[in-house]
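One-letter residues, chain by chain:
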Amino acid sequence: MTNLFITTTLPLTEVWNTSFDGMVLLNEFGEIKSLNRSASRLFSSSPSSLVGISIFEVIPSEEFQKAFQSGKDQTGLSISLGTQHFISNLTSLPAGRGLEGYLLTLKNITHIQQLQQQLQQMNETRQLYDIILDHIEEGICMVDQQGKVIFYNRKMGEIHTLEPEAVRDKRVEDVWSVDEGTSTLLTALKTGRTLNQRETHFITNGKAVTTLTRTIPLTLGTKKAGALEISKDITEQKQLTETIHLLQNQHPQDTSSVSQTTRQNNTRFSFEHIIYTSAIMKQTIEQARRAARSNSSVLIVGETGTGKELFAQSIHNESPRKHSPFIAQNCAALPESLLEGILFGTTVGSFTGAVNKAGLFEQAHGGTLLLDEINSMSIDLQAKLLRVLQEKEVQRLGSSKLINIDVRVIASMNEDPLEAIQNNKLREDLYYRLGVVNLIISPLRRRKEDIPILIDYFINKHASSLGVQVTGIDEDVLLFFMNYHWPGNVRQLEHTIEGALNLIYEETHITAEHLPPAIKSKMMQHAQQTASFDIPLLYTGNMPEQVEKLERAMIQQALKQAKGNITKASEQLGISRQNLNYKLRKYHSLI
């Protein structure tokens, strides 16, 4: 700056009066020697009237005065003049040439501060909107015109089992491995049409989640701004509807194939209703048939959707108790205080509003009581349950009277009992009391030879009620089904087939286009991953021969991808290492 004043060929006043920033020359005592037009406008005075007065009279700031008196150059000093705000620099000028003293520059940042305050207010308002939208019971996802997620609330994360922070600012294709043909958001964005959809999908723990989804294109004037998807979780309503439908089917006038005995004891299933071809399922059914002959407790362990209640009802209907009640209670569906009263019964006065009512143990007297998801029951309540099982007598809440009971208890859970004990979710003594007979139901991915026959069964079951004529599924869909890990097991497979049949019009086969979007997306992803591998299959011969060919090809492909590592190949196939070794011996070794 000093060189500018000294060496420029332009007059000093012409140069510095063109600056938008205020500039003031001060002597060593802080008196104004000169100032430009911008500075004089800041002080609302003419330059001549300000020359010679102290700068501290027009800038009454102690902080600025201390900075000046320090004798050091200062940058970024904050100065306020009325409603105006400035950032200033104080620079000492070298002695000589008549420029001794200081140069004070003042940059007006009032408008910038106002914009910052407005931006902060807008951010706070947006954060409030985010909090509000995170507390509503509908899932919300919004993308911009490029398909990047710009909002994703807590409920949508619960539906998809995804963390919102892991989804925001990412492209739809990167999060869900979809394209315009399988993503409702991208379809609405491209076509400008509003889409409505009902879908049942299965999350990582195998739980079925049913949603109603509305996808809406967003515009600002005539410009595309993005797309909004709103999903409502109707899982509970769907379950209630199915329960009502089940009760209606159990009406005494029901003329279905279910026997009169099963209608009278609140059951629908027997062992004849279990569809399978696999040896492991045959073995499990044989174990269950043998267990049905006794009155011992049974613990059924299996993932969600494997058919634990189907086995429980079948055991009851195969037992001497088949003419007595069968009662099922999901222990995860009720809070502890309510569940205790339902199990053991209540008396007047035991709590506010309590009435004399028999519990499930009394209602199931002479029959069977199924306690589903027993590992969801609190440890304290498990202790009370253990006493009932040991003493064979129950005591209603609020009563001192003991009631003798004759009930066979079947318990079920969807996790390994030993892990549940280790995680303090299941009492060890209760486990040994319930697990007199242990039944382990294999997940569908470990008995894939059951998939084709289950597909045929579900097509026949649902096609007639939906009024469609379907004879099977395409070969590529069957291949994907045989490779898919099925987190929801048989229940998920049935829902997938039923959903596909709802989209059939005149076709006779289920194709990839009929699959639910989530399954279709998985199928496309699987096709991309295996595009470089050609599986030579000839679709000839009967079903067992076809399944064997497919199994051999899958094992060969898995071993090739795992470079001969049997452990990695078994993990890829979703079967145990021992099972893979057995199949290798069966097929005379493929490596």
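Residues numbered from 1 in each chain as written. Predicted model: local features only at pLDDT ≥ 70, side-chain atom pairs only at ≥ 80, totals over all residues. Heavy atoms only, no water.

Participant: Teacher, can you tell me more about the side chain of Gln492 here?
Facilitator: By the element assignment, Gln492 lies in helix α23 (residues 489-502). Those residues in contact with Gln492, other than ones at most four positions away along the chain, are Phe202, Tyr484, Trp486, Pro487 and Ile519. (Helix = DSSP H or I, 4+ residues; strand = E, 2+ residues; numbered from the N terminus. Contact = heavy atoms within 4.5 Å.)

Participant: Would you explain helix α11 (residues 184-191) in this entry?
Facilitator: One turn of the α-helix equals 3.6 residues, which is why residues spaced by three or four share an orientation. Burial runs high along α11: six of the eight residues are buried. Every buried residue of α11 is listed here: Thr184, Leu185, Leu186, Thr187, Ala188 and Leu189. Where α11 starts, the residue carrying a side-chain oxygen 3.4 Å from the main-chain nitrogen of Leu185 turns out to be Ser183. The positive-phi residue at the C-terminal boundary of α11 is Gly192, with phi of around 75°. (Buried < 20%, exposed > 50% of the residue type's maximum accessible area, 1.4 Å probe, protein only. Polar contact = N/O pair within 3.5 Å; in protein donor to acceptor, adjacent residues only side chain to side chain.)

Participant: Any chance you could explain the nonpolar core here in plain terms?
Facilitator: Burial of nonpolar side chains together is a common tendency in soluble globular proteins. Ranked by size, the top nonpolar core spans 41 residues in total, and within it Ile455, Phe481, Leu493, Ile497 and Ile510 carry the most contacts. Of all elements in the fold, only α21 (451-466), α22 (475-483), α23, α24 (517-529), α25 (543-561), α26 (566-573) and α27 (577-586) reach the threshold of two or more residues within this core. Excluding its chain neighbours within four sequence positions, the residues that come into contact with Ile510 are Ile459, Val470, Gly472, Ile473, Asp474, Val477, Ile497, Ala500, Leu501, Ile504 and Leu515. Listed in part, the 31 residues of the second largest apolar core include Val301, Ile327, Ala364 and Val394. (Core = buried A, V, L, I, M, F, W, Y, C linked by side-chain atoms within 4.5 Å.)

Participant: Can you help me understand unusual backbone geometry in this one?
Facilitator: Apart from glycine, the bulk of residues carry a negative phi angle, and the bulk of peptide bonds sit in the trans form. One non-glycine residue with positive phi stands out, namely Asp169, at about 70°. Inspection of the secondary structure puts Asp169 in the loop between α9 (164-167) and α10 (172-176). Residue Asp169 is classed as exposed on the basis of its relative accessible area of 58%. Phi angles above zero are rare outside glycine, and Trp486 is one such case at about 50°. In this fold, Trp486 is placed in the loop between α22 and α23.

Participant: Could you clarify how one ought to interpret the pattern of salt bridges in this entry?
Facilitator: Between side chains of opposite charge, a pair can form as their charged atoms come close. Following the criterion strictly, the structure yields 20 salt bridges and no others. One salt bridge in this structure joins Arg321 and Asp406, with 2.8 Å as the shortest N-O distance. You can see Arg321 sitting in the loop between α15 (308-318) and β12 (326-330) and its partner Asp406 sitting in the loop between β17 (402-404) and β18 (408-413), a full 85 residues away along the chain. Arg321 gets classed as buried once you look at its relative accessible area, which sits at 7%. Between Glu513 and Lys520 there is a salt bridge, and its shortest N-O distance comes to 3.7 Å. With relative accessibility at 12%, the residue Lys520 sits in the buried group. Sharing partners across several salt bridges, the network here consists of Glu137, Arg154, Lys155 and Glu158. (Salt bridge = Lys/Arg side-chain N within 4 Å of Asp/Glu carboxyl O.)

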